[in-house]
Amino acid sequence: MSLQIQNVSKKFNQFHAVDKVSFTVQPGEIVSILGPSGCGKSTLLQIVAGLQSLDEGEITLNGEVISSAHFTLPPEKRGINMVFQDYALWPHMTVRQNIFYGSKVRKVNKQEQAENQIFLFNLLQLNGLEHRYPSELSGGQQQRVAIARALSTKPELLLLDEPLSNLDMQLRFEMRNELSYLLRKLGTTALHVTHDPVEAYALADRILMLRDGKIEQFGTPMEVRQAPASLWVAGLLGMNNRLQAVAINKSSVRIGASILHGIGALTVNEDVIVVMDSEALKLEEQQIDPQQNTLNGRVTHSIFEGHRWRIMLETAGGRLTVLHDVSVEVDRDVLVSFDPSNTFLYKQPEQAATPFLVNSGK
Ligand code: ADP
């Protein structure tokens, strides 16, 4: 199965919710669409599902046109199933009825359905729950039922719309790992929507970053993490440490008396924003003269986060947050070192810098 999205646009009144989007999902591949609220993720997913029409472009599944400006194949004829954020289970049906309603409608024979039930119930750990109603299940169990239901008719393509966002943190962590394992084990081709970079990293073979209805970057989790295409992408991926600097060459900047090297394509003397992940910074607890790729800072605050300390510092380029093994007292002068392969240099935006920030918990 392969899904091809070609030049797809959708407007609501004069507003471009999806704007000339093109990409392909290869057989067995999981693509995550990552973006902030309102960027067009759900609209795009609904267009692929056939729940929404498109204005321009074409979508093909296995070479067959399923959506164009003049044609929308009905959702039930696409061989596509969807898992929704709110599970959307039928409240008056038991777990078993919910999962196999689709097979019943499609008149799957009893033998095959019985085998499928054993497989899915084992896979999703639903044994013993088959006669319960959705109201008698926990959030995690309801989501497992929704996934089993979506898989029960062996769809060509699985669509996942923020599938974990209604679960609490611990359950979200567990289900994220389970879902990643499950989809790969089954070789499912899937298009997944999320605003959470951690979920995209865990599930996706490739991540498509959507900004105001347009693709900002498309690549594997490692590719986008190692080279965020813009300041906006770095923010979306949760890299929230930002410093003000001035370019001294293509990939080096000056902050106070320090020179930092990183990844960039800068012009000499332009104003620069330096972006790093807290994980990529190292803290030395003694004041040394600034060396290459180090910066002096003064501790303003420390927070214990269970297994490490989050240390906040003031530097000549602005505030920084560093993860460290031990607490450091306030007002202490320290030295922070920067890994050049994890230090990203972007030209300062023309307007006030208000990049989108995601709290990834890092
Ligand atoms: P996301 O899923 O990324 O949060 P959506 O695809 O739901 O974004 O929405 C993209 C944009 O299109 C938003 O600005 C939203 O307000 C608008 N939009 C979505 N559906 C409709 C609709 N039926 N009518 C008008 N505007 C809509």
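- As recorded in an unreviewed UniProt entry, the chain goes by the name Carnitine transport ATP-binding protein OpuCA, listed as coming from Psychrobacillus psychrodurans.
- Per its UniProt entry, the chain bears the Catalytic activity (unreviewed entry) comment "a quaternary ammonium(out) + ATP + H2O = a quaternary ammonium(in) + ADP + phosphate + H(+)".
- UniProt, in the comment section headed Subunit (unreviewed entry), describes the chain in these words: "The complex is composed of two ATP-binding proteins (OpuCA), two transmembrane proteins (OpuCB and OpuCD) and a solute-binding protein (OpuCC)."

**Some words on the site of the ligand**
- Taken together, Phe12, Phe15, Ala17, Pro36, Ser37, Gly38, Cys39, Gly40, Lys41, Ser42 and Thr43 form the complete shell of residues around the ligand.
- Glycine 40 places a polar main-chain atom, nitrogen or oxygen, 3.1 Å from an oxygen atom of the ligand.
- In isolation the ligand exposes 560 Å². Once the protein is present, 58% of that is buried.
- Put simply, the parts of the chain that give the shell around the ligand at least two residues each are strand E2 (15-25) and helix H1 (41-49).
- Among the elements that line the shell around the ligand, the one with the most residues is H1, at 3 residues.
- Looking at side-chain class alone, the shell around the ligand contains 5 nonpolar, 5 polar and 1 charged residues.

**Things to note about the confidence of the model for the chain**
- Taken over all residues, the pLDDT of the chain has a mean of 89, while the share at 70 or more is 93%.
- pLDDT under 50 marks residues 352-362. Its contacts with residues more than four places away, or in other chains, come to 23 contacts.

**As for the pairing of strand E4 (residues 56-61)**
- Alignment of strand E1 (residues 3-12) against E4, held across 5 bridges, turns out to be antiparallel. Each bridged residue has a counterpart across the sheet, and for isoleucine 5 the counterpart in E4 is isoleucine 59.
- As paired elements, E4 and strand E5 (residues 64-68) share 4 bridges and run antiparallel to each other. Within the sheet, the bridge partner assigned to threonine 60 lies in E5 and is valine 65.
- Hairpin connection from E4 to E5: 2 residues lie between these consecutive antiparallel strands, with asparagine 62 at a positive phi of about 55°.

**Quick notes on the domain arrangement of the chain**
- Along its sequence, the chain is organised into domain 1 (3-231) and domain 2 (239-347).
- The C-alpha centroid of domain 2 is placed 39 Å from the C-alpha centroid of domain 1.
- Between domain 1 and domain 2 the total buried area reaches about 640 Å² when both faces are included, carbon and sulfur atoms providing 56% of it.
- The largest contributions to the domain 1 side of the interface with domain 2 come from Arg225, Pro228 and Leu231, which together make up 82% of the buried area.
- In this structure, the connection of domain 1 to domain 2 is made through 1 salt bridge.
- Close ionic contact of aspartate 277 with arginine 225 constitutes a salt bridge, the shortest N to O distance being 3.0 Å.
- Run the count over domain 1 and domain 2 and you get 4 residue pairs in polar contact (both at pLDDT 80 or more).
- Across the side of domain 1 that touches domain 2, the residue classes tally to 4 nonpolar, 2 polar and 1 charged.

**So, the sheet that holds strand E17 (residues 294-304)**
- With antiparallel pairing, 5 strands are arranged side by side in an open sheet as E16-E20-E17-E18-E19. Each of the sheet's edge strands pairs with one partner strand only, and the pair in question is strand E16 (281-284) and strand E19 (318-324). Recorded for the sheet is a direction-independent mean angle of 45° between the axes of neighbouring strands.
- Here E16 pairs with strand E20 (residues 333-338) via 4 bridges, running antiparallel. Residue pairing for E20: leucine 281 is matched across the bridge by phenylalanine 338.

**Some thoughts on the sheet that holds strand E13 (residues 252-255)**
- The strand order E14-E13-E12-E15-E21 describes an open sheet built from 5 strands, whose pairing is antiparallel. Whereas interior strands pair on both sides, the edge strands pair on one side only; in this sheet they are strand E14 (258-261) and strand E21 (343-347). In this sheet, neighbouring strand axes are inclined to one another by 45° on average, regardless of whether the strands run parallel or antiparallel.
- Pairing analysis gives 3 bridges linking strand E12 (residues 241-249) to E13, with the strands arranged antiparallel. Residue pairing in the sheet places alanine 247 in a bridge with valine 253 of E13.

**Section: the side chain of threonine 194**
- Relative to the helices and strands, threonine 194 resides in strand E9 (residues 190-194).
- One polar contact links the side chain of threonine 194 to the main-chain amide nitrogen of aspartate 196, over a distance of 3.0 Å.
- When near neighbours in sequence (up to four residues on either side) are disregarded, threonine 194 contacts Ile33, Leu34, Gly35, Lys41, Glu162, Glu199 and Ala200.

**Quick word on the side chain of serine 180**
- Its location among the elements puts serine 180 in helix H5 (residues 169-186).
- Within polar-contact distance, the side chain of serine 180 engages the side chain of arginine 184 at 3.2 Å.
- Within polar-contact distance, the side chain of serine 180 engages the backbone oxygen of alanine 202 at 3.2 Å.
- With residues near it in sequence (within four places) discarded, serine 180 still touches Ala202 and Leu203.

**Considering the pairing of E14**
- Sheet topology places E13 next to E14; 4 bridges connect them, and they run antiparallel. Looking at E14, one finds that arginine 254 is bridged to isoleucine 259.
- Taking the residues between adjacent antiparallel strands as the criterion, E13 and E14 are bridged by 2 residues, where glycine 256 takes a positive phi near 55°.

What counts, and where the lines are drawn
Residues numbered from 1 in each chain as written. Predicted model: local features only at pLDDT ≥ 70, side-chain atom pairs only at ≥ 80, totals over all residues. Heavy atoms only, no water. UniProt positions renumbered as here; feature names shortened; annotations may be inferred. Near = heavy atom within 4 Å. Polar contact = N/O pair within 3.5 Å; in protein donor to acceptor, adjacent residues only side chain to side chain. Areas by Shrake-Rupley, 256 points an atom, 1.4 Å probe, with all protein chains shown as cover. Helix = DSSP H or I, 4+ residues; strand = E, 2+ residues; numbered from the N terminus. Nonpolar A, V, L, I, M, F, W, Y, C, P; charged D, E, K, R; others polar. pLDDT = per-residue confidence, 0-100. Contact = heavy atoms within 4.5 Å. Pairing = 2+ DSSP bridges. Domains from an automatic or database assignment. Buried area = accessible area lost by both parts, 1.4 Å probe. Salt bridge = Lys/Arg side-chain N within 4 Å of Asp/Glu carboxyl O. Axes fitted to C-alpha atoms, helices over the stretch in contact; angles between N-to-C directions.

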